[in-house]
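Reading the structure
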Amino acid sequence: MTEIIIKNATIYTMNPKMPKVSALAIVDGKFIYVGDDINTLKLTKKDSQIIDLNGRTITPSFIDYHVHAHDGARSKLYEIKITAPNSLSDLVNKVETVCKNFKSGKWVRIFTTNLLIAEELKTDKARKAIAEVSPKNPILINFMYHSIFANELALKAANLYHKKHNEKGIVCDPISGNPTGLLLEHAGSLIFKACPPFSNEQQINAARESAKIFNSQGVTGFQHAVTSETQLNAYQTLDKADELSVRVSACIARDTLIVPKEEGIGMKVAKRHDEYRSNRLRADGVKFFMDGIVPLQTAAMIDPYLVESKHCGDQAFTKAELIENIIPYDKMGFSVKIHAVGDRAIRSCIDAIEEVRRINGPGRPHSIAHLTYISQQDIARLKPLNIVADLCPPIWFFSGMIKKNEKLLGKERAHRVFPISDILNSKALACAATDWPVLDIIPNPWFTIQTMITRENPSDPSLGKLGADQAITLEQALPLYTINPAKAMGWGDLTGSIEVGKSADFIILNQDPFKVPVNDLSETKTISTWFEGRKVFEIEK
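To start, this report covers the structure provided alongside it. (Residues numbered from 1 in each chain as written. Predicted model: local features only at pLDDT ≥ 70, side-chain atom pairs only at ≥ 80, totals over all residues. Heavy atoms only, no water.)

When helices and strands are tallied, the protein chain shows 17 helices and 24 strands. Since a compact globule built from 541 residues should have a radius of gyration of about 24 Å, the 24 Å found for the protein chain is in line with a globular shape. Principal axes of the C-alpha set define a box for the protein chain whose edges measure 80 × 55 × 50 Å. Looking at the 541 residues of the protein chain, the share that counts as buried comes to 64%. (Helix = DSSP H or I, 4+ residues; strand = E, 2+ residues; numbered from the N terminus. Rg over C-alpha atoms; globule rule 2.2 N^0.38 Å. Buried < 20%, exposed > 50% of the residue type's maximum accessible area, 1.4 Å probe, protein only.)

Moving on to the sheet that holds strand β20 (residues 387-391). Pairing is parallel in the open sheet, where eight strands are placed in the order β8-β15-β16-β17-β18-β19-β20-β21. The open sheet terminates on both sides in strands that have one partner only, identified here as β8 (62-67) and β21 (430-432). For this sheet, the mean inter-axis angle between neighbouring strands, taken without regard to orientation, is 25°. Contacting β8 and β15 (219-227), helix α6 (residues 200-215) runs over the sheet at an angle of about 130° to β15. On top of the sheet, helix α9 (residues 319-331) reaches β17 (281-289), β18 (335-340) and β19 (366-370); it is set at about 175° to β17, its chief contact. (Pairing = 2+ DSSP bridges. Axes fitted to C-alpha atoms, helices over the stretch in contact; angles between N-to-C directions. Contact = heavy atoms within 4.5 Å.)

As a further point, take the side chain of S367. For S367, the position within the fold is in strand β19. In this structure S367 comes out as buried when scored by relative accessible area, which is 1%. Ignoring sequence-local partners within four residues, the contact set of S367 consists of Y65, V336, K337, I338, I387 and V388.

We now examine unusual backbone geometry. The peptide bond linking A369 to H370 adopts the cis configuration, its omega dihedral lying at 25°. Looking at the secondary structure, you find H370 in strand β19. Residue P437 follows W436 across a cis peptide bond; omega there is 10°. Turning to its location among the elements, P437 is positioned in the loop between β21 and α15 (445-454). Non-glycine residue D242 carries a positive phi angle of around 60°. Here D242 is to be found in the loop between α7 (229-240) and β16 (247-253). Residue classification places D242 among the partly exposed positions, given a relative accessible area of 47%. Phi at L371 is positive, roughly 60°, even though this residue is not glycine. Relative to the helices and strands, L371 is located in the loop between β19 and α11 (376-379).

Attention now moves to the nonpolar core. Ranked by size, the top nonpolar core spans 78 residues in total, and within it F288, L322, I338, L391 and I449 carry the most contacts. Here the element with the most residues in this core is helix α10 (residues 343-360); it accounts for seven residues. Within the second largest apolar cluster, 39 residues are counted, among which are V98, Y145, V171 and L296. (Core = buried A, V, L, I, M, F, W, Y, C linked by side-chain atoms within 4.5 Å.)

Further remarks concern empty space enclosed by the protein. A complete count under the given rule lists five cavities of 30 Å³ or more for this structure. Roughly 80 Å³ of internal volume is contained in the second largest cavity. Split by residue class, the lining of the second largest cavity holds six nonpolar, five polar and two charged. (1 Å grid on protein atoms, 1.4 Å probe; cavity = no way out; pocket = protein on both sides within 12 Å on 5 of 7 lines; lining within 4 Å. Points joined across faces, edges and corners; volume = space filled by probe spheres on them. Nonpolar A, V, L, I, M, F, W, Y, C, P; charged D, E, K, R; others polar.)

Glancing now at the pattern of salt bridges. All told, the structure shown has 28 salt bridges when counted by the stated rule. With a shortest N-O distance of 3.6 Å, E79 and R109 are connected by a salt bridge. Taken as a pair, E79 in the loop between α1 (69-78) and β9 (80-81) and R109 in strand β10 (residues 108-112) lie far apart in primary sequence, 30 residues in all. D378 is the salt-bridge partner of R381, the closest N and O atoms lying 3.1 Å from each other. A cluster of three or more residues bridged by salt bridges with shared partners is formed by D239, D242, R247, R280, D505 and E532. (Salt bridge = Lys/Arg side-chain N within 4 Å of Asp/Glu carboxyl O.)

In this structure, the largest pocket spans a volume of roughly 660 Å³. Lining of the largest pocket is provided by 24 residues; of these, K168, G169, L184, E185 and H186 occupy positions nearest its centre. Split into classes, the residues belonging to the lining of the largest pocket amount to seven nonpolar, ten polar and seven charged.

This brings us to the sheet that holds strand β11 (residues 139-143). Strand pairing in a sheet takes place through backbone hydrogen bonds and is either antiparallel or parallel in direction. Spatial ordering of the open sheet is given by β9-β10-β11-β12-β14-β13, a layout of six strands whose pairing is mixed. Edge positions in the open sheet fall to β9 and β13 (170-172), since each of these has one partner strand only. Strand direction decides the pairing type here: strand β12 (residues 147-150) and strand β14 (residues 179-184), joined by three bridges, are antiparallel. Across the sheet, residue S147 finds its bridge partner in β14, namely L184. Here helix α3 (residues 124-133) sits on the sheet in contact with β12 and β14, set at roughly 100° to β14.

Right, here's the structure in full:
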């Protein structure tokens, strides 16, 4: 029996009945005492560890409600990351540099984040320019998962070269009609099929690395937004070896937008979800994609984009199709997460969930990610339908992406992003997330929290505020990263707050977030991260 006592601390518990205390005690990975009178607690072991924090701050460890942690860690270990290219010529130069380090014939996987150059990749010119600097290697360039660029050798390997294609997402030159190499949304899976798979050892190493990355940011739990059975097996391997230092709530992939079919997706995996269940791992969610994103004009909007074609973007399903697909998962007790960015896609998702509730009755919470352009009238429908707001603030602060959205939607509409204050006022359950590694930032919750409070880009506040009327307070923001996601994932009785009987999941910080200027919140550092009463991360001294 391990006994740990921490005293003289500033502890924010996320328990409204006892919001702030100075001491806690842990036995066998659980809190056995939370309060201010630690002297009344009798020690039961001679080797009890007593830690005097001398006023340092503790909060519950964080839970990130939307990540692609395994994919990001695997990319870090086994792919080449390049800084975001600002033009086709910049991309060509970067690809040429990368290829010099690879033997002829070897596949090259590249990850980058700037999909704003997509327009330059829609012609034969782009395909030929990349082919010229990569004549001996098939190349897959992953632009934030919503678009893939494949060079000529990769297109040939996937049997996509020199063909006229009508399949949605395969971008062809407007004159020649040949594929340019740019594959949007689900079309990217056509290249995944041709690319050599990662080994089992690499998959396990990626799972281990993902836990390490998030522990370093004070995170001991996350919802893995799109998960294959291969990835589940990797996390389960660590869990069974008592090496897993995060709680993983997995949403099983229903399609191949992010993970290849060969790794195991859909209902076949869902029927085996109980095989993965433990106190650290669950696979009782499933992920759908209803639309894409605004910069690629694949988000489904009510009003048209400000482009010549005046289109509104496409939905992956009709409302009837979405209802039909959700019903069986809902009956099985799954929590469905649906990617929806545009206001039309969001409304269709809410309509579908409403009909599923009517047919199946009340069930587990379902969530919509990212609710970027949710309309005011639909906000009021979230709580009655038990829909969780899955919010990823780093996506919307002032950046090149928002500037692109302004051109496509108009400034007024583009700035109506993530109305977090209105969502909280509606009493809907809301959770915060980083969506790592979709954006080129570390998955630091404090960066996200500062953004929600200031409505500014912490990296460059001079860009201005975005939707200043939707700013929230630190008191409102912290639950979105702690107790709220714990409740949404069905772990509210186990973690998310510092209370007697719960798992001892907490972090020790370098500063008290309630006592520093709001613009310094993103500088908050995790000194140590504790999971189930054991230290799983400590900052280098």
